[in-house]
Amino acid sequence: MAEPKKLFIKTYGCQMNVYDSERMAEAMGGSGYVTTDSPEDADMILLNTCHIREKAAEKVYSELGRFKGLKAEKPDLKIGVAGCVAQAEGEEIMRRQPLVDLVVGPQSYHRLPQMEAKTRAGEKALDTDFPEEDKFEKLKSRGPAAKRGPTAFLTVQEGCDKFCAFCVVPYTRGAEVSRPADRVLAEARELVSRGVREITLLGQNVNAYHGEGADGRDWGLARLIRELAEVDGLDRIRYTTSHPNDMEDDLIKAHGDCPKLMPYLHLPVQSGSDRILKRMNRSHTADSYLRLIDRIREARPDILLSGDFIVGFPEETDDDFEATLRLVEQVRYGQCYSFKYSTRPGTPAAERAQLPESVKDERLQRLQALLNQQQAEIQAEMVGREVGVLFEKKGRLPGQLVGKSDHLHAVHVIAPEALLGQIGRVRITGSASHSLAGELIAG
Ligand code: 5AD
Ligand code: SF4
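Residues numbered from 1 in each chain as written. Chains lettered and ligands numbered in written order. Predicted model: local features only at pLDDT ≥ 70, side-chain atom pairs only at ≥ 80, totals over all residues. Heavy atoms only, no water.

## With respect to the site of ligand 1
With respect to spatial proximity, the complete set of residues near ligand 1 consists of Ile 52, Arg 53, Phe 166, Gln 270, Asp 308, Ile 310, Phe 339, Lys 340, Tyr 341, Ser 342 and Arg 344. Contact distances for ligand 1 include 2.7 Å between an oxygen atom and a side-chain N or O atom of Gln 270. At 2.8 Å from a nitrogen atom of ligand 1 is found a main-chain nitrogen or oxygen belonging to Ser 342. (Near = heavy atom within 4 Å. Polar contact = N/O pair within 3.5 Å; in protein donor to acceptor, adjacent residues only side chain to side chain.)

Okay, structure coming up:
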């Protein structure tokens, strides 16, 4: 048998890219590839790129430049660029960096094996189309089903129709598309048969999910979650990322009465100033967001909230920024992501007067200080509580395992290795900067 070829994939950006990279690796398994952790060993290098912030394209070009030596040593090495920079830059990538053999946009990954074959024939391969087909169906693994860790991502929805004024996603990932529910359910069952106990449903706007249901009708995310909850052996369900305007009543209700749906919600608001929210084209206000949070907490009082914030958006004044701090104080987030506004060419906000970097830096520091303080307080409140922990891997200390609590906190526990992949009952005993410590009550 021929020696398998080796594929090195470097993944940037969001969880959706992590999922896509896994699927691409599985699809390339059908072309005789196994994955490797070192680019030096690889027959093919694939950069799965992100375009959401900063000079992402420039970073990709400098990373590509580093492969020059490898390619000179190994002329058969194929180099590909996937992901949102591939979608945004297209052919330009090959023009600027001739060592690139292949450029593939996020909607064309199922065509990767044919594209690789084309590069083996000495040609360049480019595909940044938005085809109609369900790429994930076509990306199904053809190799033997490998055992997996206890947690997995599952993409159910892609793309975004919201057009926030700062964001490239609607351009790079295209319009909202939901996968039919039967395909999602079949993939979930398959994951469970491979050892998965927790699934995080992914989508750029996952709560806008409206897929074709098993009964031919349109199913929203709540219905999909309820059907997934019926899958034996699947113990935990999460979803990310959501838009406040798509938090429908039945989804809020599911947080209250679906025990497998974990008490954690990532619900970005971006700013606490109505003037800025309007300029961001967010189509909600700070107050409507706060009322929404109240309703979610009524349904599930112990839910841990997470969010995204942008500081230094064009025209943001000190008062606007103060409004963001006030909103954070009212919500009390368990954890958050916060970013300096980064100008993205082609988006409406890129045309507006930009704020100085020093103002953005100062605001980010103040916001992060408040968010860190909230995170520490909420972690400290967990001490003494009993939680479920899904053990994922061994910890750094002997006899220690690490897993995630229902609220997605990382928890370190002295526990027998046989509990890996299982959910244990744990009492939280301490809180460190980004994790908790606990003791096992029962396995
Ligand atoms: N600048 C800074 N942050 C951004 N995000 C999206 N676009 C930009 C941008 N141009 C952030 C938003 C979004 C998260 C995924 O990334 O907060 O929710
Ligand atoms: Fe981007 Fe999210 Fe806004 Fe869509 S809803 S445009 S993905 S920030």
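## Some remarks on empty space enclosed by the protein
As enumerated under the stated definition, the model contains one cavity of 30 Å³ or more in all. In this structure, the largest cavity occupies an estimated 50 Å³ of space. In terms of lining, the largest cavity is formed by Asn 207, Tyr 209, His 210, Gly 220, Leu 221, Ala 222, Asp 246, Glu 248, Asp 250 and Leu 251. Breaking the lining of the largest cavity down by element, the ones donating at least two residues are α10 (221-228) and α11 (249-257). (1 Å grid on protein atoms, 1.4 Å probe; cavity = no way out; pocket = protein on both sides within 12 Å on 5 of 7 lines; lining within 4 Å. Points joined across faces, edges and corners; volume = space filled by probe spheres on them. Helix = DSSP H or I, 4+ residues; strand = E, 2+ residues; numbered from the N terminus.)

## What to know about the environment of Pro 259
Within the secondary structure layout, Pro 259 lies in the loop between α11 and β14 (264-266). The spacing of Pro 259 and Glu 73 is 186 residues in sequence and 55 Å in space, taken between C-alpha atoms.

## Some words on the domain arrangement of the protein chain
Each assigned domain of the protein chain is listed with its residue range as follows: domain 1 (5-127), domain 2 (144-382) and domain 3 (386-440). Each of domain 1 and domain 3 has a C-alpha centre, and these two points are 36 Å apart. (Domains from an automatic or database assignment.)

## A word on the site of ligand 2
Lining the immediate surroundings of ligand 2 are Cys 160, Lys 162, Phe 163, Cys 164, Phe 166, Cys 167, Val 169, Pro 170, Asn 205, His 243 and Arg 282. The residue inventory of the shell around ligand 2, partitioned by class, reads seven nonpolar, two polar and two charged. (Nonpolar A, V, L, I, M, F, W, Y, C, P; charged D, E, K, R; others polar.)

## Comments concerning the sheet that holds strand β16 (residues 335-340)
Across the sheet, which stays open at both edges, the three strands sit in the order β14-β15-β16 with parallel pairing between neighbours. Each edge of the sheet is formed by a strand with only one pairing partner; in this case those strands are β14 and β16. Direction aside, neighbouring strands of the sheet carry axes that sit 10° apart on average. Both β14 and strand β15 (residues 304-311) contribute to a ladder of three bridges, which runs parallel. Its bridge partner being in β15, Leu 265 is matched across the sheet by Leu 305. (Pairing = 2+ DSSP bridges. Axes fitted to C-alpha atoms, helices over the stretch in contact; angles between N-to-C directions.)

## Observations concerning the pattern of salt bridges
With the rule as written, the count across this model stands at 43 salt bridges. One salt bridge in this structure joins Lys 71 and Asp 101, with 2.7 Å as the shortest N-O distance. Placement of the pair is Lys 71 in helix α3 (residues 68-73) and Asp 101 in the loop between α5 (92-96) and β5 (102-104), with a sequence separation of 30 residues. Note that Glu 187 and Arg 179 form a salt bridge whose closest N and O atoms lie 3.0 Å from each other. Across this residue pair, the class does not change: Glu 187 and Arg 179 are buried. A single salt-bridge network, built from bridges that share partners, covers Glu 22, Arg 23, Glu 26, Arg 148, Glu 190 and Arg 194. (Salt bridge = Lys/Arg side-chain N within 4 Å of Asp/Glu carboxyl O. Buried < 20%, exposed > 50% of the residue type's maximum accessible area, 1.4 Å probe, protein only.)

## A look at the packing of aromatic side chains
Taken as a whole, this structure holds four aromatic pairs when the rule is applied. Ring geometry for Phe 166 and Phe 313: centres 6.2 Å apart, planes at 85°, overall edge-to-face. One end of the pair, Phe 166, is in the loop between β8 (157-158) and α8 (169-172); the other, Phe 313, is in the loop between β15 and α14 (318-331), with 147 residues separating them in the sequence. A single burial state applies to Phe 166 and to Phe 313, both of which are buried. Arranged with centres 5.4 Å apart and planes meeting at 80°, the rings of Phe 313 and Tyr 341 form a pair that is edge-to-face. Here Phe 313, found in the loop between β15 and α14, pairs with Tyr 341, found in the loop between β16 and α15 (357-382); they are 28 residues apart in sequence, far enough to count as distant. (Phe/Tyr/Trp six-rings, centres within 6.5 Å; stacked < 30°, edge-to-face > 60°.)

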